[in-house]
Amino acid sequence: MRSLRFLLLLAAVLSALGTVTARRHEIRLLRQVQLEDKNALRLQQEYRELLVERSMLGSYARVERIARDKLGMVVPVINLSGTKTAPSDAPSPPAPEPVRQIVAHAGGGTL
Amino acid sequence: MSILRLRGRCRPLPIATSPLLRNALPGWRLRFVHGALMLLFAAVIAMSLYLQIALQPDLQANGEKFSNHAQPLPAFRGMILDRHGNLLAGSVMTRTIVADPLQIKHDLVIQAVADILQQDVKQLNRKLAQKKAFSLELATPISRDARQSLLELNIEGIYPESDHRLRIEPESLRTEKATLAWGQQSRIRELSALLDMEPGKLAKLMEDGLAKGRRYVELRRQVRESRASQIAELRIAGISQSGDFKRYYPMGAVSTHMVGFTGMGDSGQEGVERAFELELSGTPGVWKTIRDRKGRLIEDRGVTYAANGQDVRLSLDSRIQYLAYVALQQAVSRHRATAGSVVVLDAETGEVLALVNLPSYDPNDRRALFGDKLKNRSVEYSYELGSVMKPFTVARGLDKGIIRPNTVLDCTYGSFQVAGETIPDHRSFGELSVTQILQRSSNIGIARIGMAMTREEMGENLTAFGFGQKPGLGFPAETAGLMRPWKQWGPIDQSRIAYGYGVSASILQLARAYLAFTREDRSLPMLSMQALDQPPEGGKPVLSARTRHEMLDMLESAVSAPGATGGQARVPGYRVGGKSGTARKLIDGRYESGRYIATFVGMAPMSAPRIIIAISIDDPTAGKYGAGEVAAPVFAEVAAGALRSLGVAPDMPMQVAIETGEITGELQ
């Protein structure tokens, strides 16, 4: 009778300790989950930022502007008659205006 | 154990066994104490009942407020991509940095005072917080410099009592009026560096805010997360942050009429953003937790994960889109037109490869989002298209066997009257074959073909080519054009409809109608702005295979034949076909003289059409107004670029002469 009571008491104490440990473990895991969650969100955010940045840097308007202004490239003129044309004196058409705004926006550094 | 055993032996203790107490304790005292104790018990029970029952909801709510936390899990709005996966619209989380100038300045001034007096800031602040005037005992006598610095701060409420003592009155200490050298504060300098802002500008923002009594001054919007957390690490009281999503449109004005933009609350306002609102919008999640006093997580109470919006992949090809935009912009400015549109369709699937309208706007600039330029003209605006409608009349005539491509008709001016009215033409052509009628765009010739059919046949023909119906992109404001039922047509109406007046349509509808010529099965599917995996079903053929071939040949000759109206649409290396149309502009129900809309619709390459391009230039005022001179060159430019970008092999021998003179050769 006595030893049974003692055993039960011991079991109760052990189980209580076990519960506490399990809770502590759970809380630790929870905090880890929270941390990883935050990390995932941060990475997702970074991925999207990089995507936007890449497409802004690679926008056709910007590429065309750099090709024309910086590298001095021109579109070859192909004519149908087969005769060579003298290089035209007309200046190359400027890059369209609204597009320039976006490029300025992309380089603005506040993204 | 012993306690348990003791209980068994327990007997009631005799209360007053002491001889001292036996007589000296009157019965009322016992009863009084007993009663008082009982009353107290009753009070405790009553209070606990009151707390447990009457106040329970409030208390519980209060308790939960402290321990329960709901951590929002943000959801990203879906991205909009072009057919190759290039980004057209994407959301990024950004932060807005907000300052409370009053708090910031107060802290800085107190810090400055503490530095001058060589005192501990925390202690000083604690004393100030009591709001009672107090004397400050200094360890060393106040120096002349310190006195001067205090004077320069220009604050009331600090008075020297002696060399060692200062009297400080917190109530009259108006820190916001102090003269503070913002730029010399190290944390302000750090903050301004992180904000990409001159310290002087930051100081001005703060002082302006103070002067206006503002406690919420936005320092910078759309700050990146990484930068924002650096700012948070400065731990300046009075600097707070709020987060939101910012949507970026990398192609800006180029694709905006297609993509649209979002408005308040990140919901779609225009274009695809609006048409695909359901797919694009995400559902934010929430994580419910219980936390301790210090805000540490203790228990999980369930989580609903955020569902990001779905990405939408459009059929748009951003390269062709850009080409079309640039070509159209040059044409519109060269011809001083008020507006213009270009639509490029895949000639087999009916996918929209490009859709451009001018005037356009940059959706990244929120201030630009108003007015007429928001209108998606190629989808929402219908007008009488003019001669570009002529091929439909010819196609039905061929299909019915009324004419053959080489049938000769008299197109002499004045030779044809309908209901007493002479059919107008821009010149007297004499005798022309049907092919030549299309090449020269003779109204008389077409009217003769149209009048050889019944009203019903013509009405059903236009319906078969999709007029009077929405082309199926799915934009809310898509127009179906205007087409009166054929039963209401008079003879003069019928003749006018044959050459393109009296029926209005958008150029999107026009481009779709030409699908019947380019598609192998001659049927007319609904258009799609999403990338398709397989060609769509189009229903029954609009015309016979033989008619289709004859039409393609005639449309090609309308560009390639000498003197054809579409001559300027020619593309080096490719066989192209198309039809121009210069329609008079209807303003307030009347045809205004000298006002035109130039339209061109064509396809390429003719050996196996890949693209259909429709162009409309509204009200060109720089002298030229004919579609062949205004719209056809845009076709040539867009088609050349688009075919090259799609990797379509040239189907015509060409001689190239390249401007630089270095590369000259023949391509076969």
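Residues numbered from 1 in each chain as written. Chains lettered and ligands numbered in written order. Predicted model: local features only at pLDDT ≥ 70, side-chain atom pairs only at ≥ 80, totals over all residues. Heavy atoms only, no water.

The helix and strand inventory of chain B stands at 25 helices and 24 strands. Computed over C-alpha atoms, the radius of gyration of chain B comes to 42 Å, more than 25% over the 26 Å expected from 2.2 N^0.38 for 668 residues, which places it beyond the range of a compact globule. Within chain B, buried positions represent 48% of all 668 residues. Within chain B, residue pairs in contact and separated by at least 24 positions form 69% of the contacts whose partners lie at least 6 positions apart. The positive charge centre, built from 81 side chains, and the negative charge centre, built from 70, are 9 Å apart in chain B. (Helix = DSSP H or I, 4+ residues; strand = E, 2+ residues; numbered from the N terminus. Rg over C-alpha atoms; globule rule 2.2 N^0.38 Å. Buried < 20%, exposed > 50% of the residue type's maximum accessible area, 1.4 Å probe, protein only. Contact = heavy atoms within 4.5 Å. Lys, Arg positive; Asp, Glu negative; His and termini not counted. Charge placed at Lys NZ, Arg CZ, Asp CG, Glu CD.)

Time to look at helix α1 (residues 2-57) of chain A. Its 56 residues give α1 of chain A an end-to-end C-alpha distance of 81 Å, which sits within 8% of 82 Å, the value for a rise of 1.5 Å per residue. When we look at burial in α1 of chain A, the residues that qualify are Ile 27, Leu 30, Gln 34, Gln 45, Arg 48, Glu 49, Leu 51, Val 52, Ser 55 and Met 56 of chain A. (Expected span 1.5 Å × (residues − 1).)

It is worth spelling out the domain arrangement of chain B at this point. According to the domain assignment, chain B contains domain 1 (70-97 + 223-312), domain 2 (101-180) and domain 3 (318-667). Using only C-alpha atoms to locate each centre, domain 1 of chain B and domain 2 of chain B end up separated by 45 Å. (Domains from an automatic or database assignment.)

Within a sheet, each strand pairs with its neighbour through backbone hydrogen bonds, oriented either parallel or antiparallel. Residue and element names in this part refer to chain B. On the basis of which strands lie adjacent, the open sheet formed by three strands has the order β4-β6-β5 and antiparallel pairing. In the strand order of this sheet, the two ends are held by β4 (134-137) and β5 (158-160), each with one partner. The sheet shows a mean angle of 30° between the axes of neighbouring strands, direction not considered. As judged from the four bridges shared by β4 and strand β6 (residues 165-168), these two strands associate in the antiparallel manner. Bridge pairing in β6 places Glu 137 opposite Arg 165. Contacts between helix α6 (residues 121-129) and the sheet are confined to β4 and β6, with β4 contributing the most and set at about 165° to the helix. (Pairing = 2+ DSSP bridges. Axes fitted to C-alpha atoms, helices over the stretch in contact; angles between N-to-C directions.)

Okay, the sheet that holds strand β10 (residues 297-304) of chain B next. Judged by pairing direction, the sheet is antiparallel, and its three strands sit side by side in the order β1-β9-β10 (chain B) without closing on themselves. Strand pairing shows two members of the sheet lacking a second neighbour, β1 (68-73) and β10 of chain B, which therefore form its edges. Across the sheet, the mean angle from the axis of one strand to that of its neighbour is 25°, orientation sign disregarded. Pairing geometry for strand β9 (residues 285-291) of chain B and β10 of chain B, over five bridges, is antiparallel. Along β10 of chain B, the bridge assignment pairs Trp 287 of chain B with Val 303 of chain B. Contacts from α1 of chain A reach β1, β9 and β10 of chain B within the one sheet, and its direction differs from that of β10 of chain B by about 55°. Its contacts with the sheet put helix α4 (residues 56-67) of chain B on β1 and β9 of chain B, and the angle it makes with β1 of chain B is roughly 50°.

In this section: the pattern of salt bridges. Per the counting criterion, the structure on display carries 30 salt bridges over all chains. With a closest N to O distance of 3.1 Å, Asp 365 of chain B and Arg 367 of chain B form a salt bridge. Given a relative accessible area of 23%, Asp 365 of chain B falls into the partly exposed group. In the salt-bridge network here, residues are joined through shared partners; they are Arg 23 and Glu 26 of chain A together with Glu 299 and Arg 301 of chain B. (Salt bridge = Lys/Arg side-chain N within 4 Å of Asp/Glu carboxyl O.)

Each pair of packed helices gets described by two things: the angle between the helix axes and the distance between those axes. All names here are of chain B. Between helix α16 (residues 390-399) and helix α23 (residues 545-560), whose axes approach to 10 Å, the crossing angle comes to 140°. By the angle class used here, α16 and α23 are oblique. For the pair α16 and α23, the sense of crossing is right-handed. Where α16 abuts α23, its residues Pro 391, Val 394, Ala 395, Leu 398 and Asp 399 lie against Thr 547, Glu 550, Met 551, Met 554 and Leu 555. (Parallel < 35°, antiparallel > 145°, perpendicular 65-115°, else oblique. Left-handed = near helix turned anticlockwise from the far one by under 90°.)

Attention now moves to unusual backbone geometry. Residues and elements named next belong to chain B. Going from Leu 358 to Pro 359, the amide bond is cis rather than trans, its omega being 0°. With respect to the helices and strands, the residue Pro 359 is situated in the loop between β13 (352-358) and α15 (377-380). Cis geometry is found at the peptide bond from Ala 604 to Pro 605, where omega equals -20°. Its place among the elements puts Pro 605 in the loop between β21 (590-604) and β22 (611-618). Positioned with a positive phi, Gln 118 is a non-glycine residue whose angle comes to about 55°. Within the secondary structure, Gln 118 sits in the loop between α5 (101-117) and α6. If you check the backbone angles, Ala 419 has positive phi at about 50° while not being a glycine. In this fold, Ala 419 is placed in the loop between β16 (417-418) and β17 (421-422). Relative accessible area serves as the criterion here: at 63%, Ala 419 is assigned to the exposed category.

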